[in-house]
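Structural overview for review
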Amino acid sequence: MNQITLIQKALQPHLRWHRARVAFLALFLVALFRVKTVNLTQLATAFMGQAKLESNYKRLQRFLGEFELDYHRIAYFVVELMEIPQPWILSVDRTTWEFGNCVHNILMLGVVHKGVAFPLLWWMLDKKGNSNTNERIDLLEEFFQVFPEVEVEYLTADREFLGQDWFGYLLEQGFVEFRIRIRESDKLENGRQSLKAKVVFSPLKAGQQQVLRHRRQVWGHWVYVSALRLEDGKLLIVVTNHRPHCAIADYGKRWAIETLFGCLKTRGFCLESTHLKDPERLSRMIALLTIALCWAFRTGEWLAEQKTIPIKKHGRRAKSIFRYGFDHLRQILLNLEVFADEFFHVLQFLSCT
């Protein structure tokens, strides 16, 4: 039984796709780690088997262009594979890049786990620029339809995610705490006067934090406000509906979605090197990369337990957990005959065992 068949058997119970589709996914994962890019021409060269290069390329095109993917099933698989405990911390953000005249603009919701926001839902926006309130609300509504029983600790988001209607929605729902950064120029009102946030927190020195004792009206709604003066002199100002003394530290978890984008792009799978223009094809590609991301991260976790990643002088790891697993999988999948035993070991991280 070859390695592709073994990967197929590991994936089949969780995805419930037709066997031919799962076989394709197995071939794709091996090729992806071998060439570490989503460029279809490069991927086609790394497919295992005796099929011609042109056949592999057409197979990639057919999957990305025709397969009706159940994205909710992918979300369930991510949670199973990563064994993410509740309550969840959610992070929402947007990433964008251009390919010729094509602009890819993706709104993504992930669950934060061990420093990475693992993708659960993503929308391909058919426009440039920020998401709007309706798009954000619809994304959250879809999330709670997919995971109706999940316990959420809080939602975190950057300065793009502001607005009176958006804040109103979050406050009316009540079941989601939020930690959202606002701009220094946003006004804080206390019923008597209205001052820009940078004026209210102007006394803060680098490294100092302050939590306002009473709620302020921001974007038309009463919220708690906390601030931290960063080392570069800028202010990190976070609004929340509960537990304001935790807001600054909690907001720091938002960075996990930036880590995700790095894994999908320059530090991992080179997503921006795709020549795909159709949004649905790109969305299917992200689904496949999400599975690869989880496999690499689980592998990296196990490796770090066996041999700790060195800490450099600046206090950070020499490489991330994701990269640790990514490089190990590459070595195995590029040399399957040499690393046969190691392959069987990493295979278990793909099968939730």
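Everything that follows concerns the structure shown earlier in this document.
The residue count restarts for each chain, going from 1 along the sequence in the order it is written. Confidence filtering applies because this is a predicted model: local features only for residues at pLDDT of at least 70, side-chain atom pairs given and counted only at 80 or more, and all residues used for totals across whole chains, interfaces and linings. Each side-chain value is worked out from all heavy atoms of the structure, with water and hydrogens disregarded.

What about the overall build of the chain?
Condition: Only DSSP runs of H or I covering at least 4 residues are called helices, and only runs of E covering at least 2 are called strands; the numbering of each starts at the N terminus. Every radius of gyration here is taken over C-alpha atoms, with the globule rule written as 2.2 Å times N^0.38, N being the number of residues. Type-normalised accessible area, obtained with a 1.4 Å probe on protein chains alone, sets the label of each residue: buried when under 20%, exposed when over 50%, and partly exposed for intermediate values. We call two residues in contact whenever any of their non-hydrogen atoms come within 4.5 Å of each other. Note on areas: Shrake-Rupley, 1.4 Å probe, and residue coverage restricted to the protein chains presented here. Neither His nor the chain termini are counted; the positive set is Lys and Arg, and the negative set is Asp and Glu. Charged side chains are reduced to one point each, which is NZ for Lys, CZ for Arg, CG for Asp and CD for Glu.
Counting secondary structure elements, the chain contains 13 helices and eleven strands. Since a compact globule built from 353 residues should have a radius of gyration of about 20 Å, the 22 Å found for the chain is in line with a globular shape. Counting only C-alpha atoms, the chain reaches 75 × 45 × 40 Å along its principal axes. Out of the 353 residues belonging to the chain, those deemed buried represent 54%. A separation of at least 24 residues holds for 61% of the contacts in the chain among residues at least 6 apart in sequence. Surface exposure of the chain reaches about 16800 Å², of which carbon and sulfur atoms provide 47%. Side chains of the chain carry 47 positive and 37 negative charges; the gap between the two charge centres is 6 Å.

Section: the nonpolar core
The following threshold applies: Buried residues of nine kinds, namely Ala, Val, Leu, Ile, Met, Phe, Trp, Tyr and Cys, make up a nonpolar core once their side-chain atoms join them within 4.5 Å.
Ranked by size, the top nonpolar core spans 128 residues in total, and within it Phe143 and Phe269 carry the most contacts. It is helix H11 (residues 279-306) that contributes the most residues to this core, 14 residues altogether. In this structure Phe269 touches Leu32, Phe33, Lys36, Thr37, Val38, Cys263, Leu264, Leu289, Ala292, Leu293, Phe322 and Phe326, once residues within four positions along its chain are discounted.

What about the environment of Gly191?
Its location among the elements puts Gly191 in the loop between strand S6 (187-189) and strand S7 (194-196). Residues Gly191 and Pro310 lie 119 residues apart in sequence; the distance between their C-alpha atoms is 53 Å.

Brief notes about the pairing of strand S10 (residues 221-229)
The condition that has to hold: Pairing between two strands requires that DSSP report at least two bridges joining them.
Summarising burial for S10: seven of the nine residues are buried, a large majority. As paired elements, strand S8 (residues 209-211) and S10 share three bridges and run antiparallel to each other. What sits directly across from Val211, in S10, is Ser226. Strand direction decides the pairing type here: strand S9 (residues 216-218) and S10, joined by three bridges, are antiparallel. Considered in S10, the bridge of Gln217 is made with Trp222.

With respect to the pairing of strand S2 (residues 102-113)
Most of S2 sits out of view: eleven of its twelve residues are buried. In the sheet, strand S1 (residues 88-99) pairs with S2 via ten bridges, with the strands oriented antiparallel. Its bridge partner being in S2, Phe99 is matched across the sheet by Cys102. Adjacent in sequence and paired antiparallel, S1 and S2 are bridged by two residues, among which Gly100 carries a positive phi angle near 65°. Note: S2 against strand S3 (residues 116-124), eight bridges, orientation antiparallel. Its bridge partner lying in S3, Leu109 is registered against Leu121. What sits between the antiparallel neighbours S2 and S3 is a turn of two residues, in which Lys114 has the positive phi angle 55°.

Quick look at the pattern of salt bridges
Definition in use: Within this document, salt bridges are pairs made up of a side-chain nitrogen of Lys or Arg and a carboxyl oxygen of Asp or Glu, the two lying within 4 Å of each other.
Under the definition given, this model contains 16 salt bridges. Between Glu280 and Arg284 there is a salt bridge whose closest N-O contact spans 4.0 Å. With Glu280 and Arg284 both in helix H11 and four residues apart, the pair spans about one turn of that helix. In this structure Arg284 comes out as buried when scored by relative accessible area, which is 5%. Across the pair Lys319 and Asp327 runs a salt bridge, and its minimum N-O distance is 3.0 Å. Judged by its relative accessible area of 26%, Asp327 falls in the partly exposed class.

A few points about helix H10 (residues 255-264)
Within H10, eight of the ten residues are buried, which leaves the element mostly enclosed by the surrounding structure. Burial in H10 covers these residues: Ala256, Ile257, Thr259, Leu260, Phe261, Gly262, Cys263 and Leu264. Packing partners of the buried residues in H10 comprise S1, S2, S3, H11 and helix H12 (321-334).

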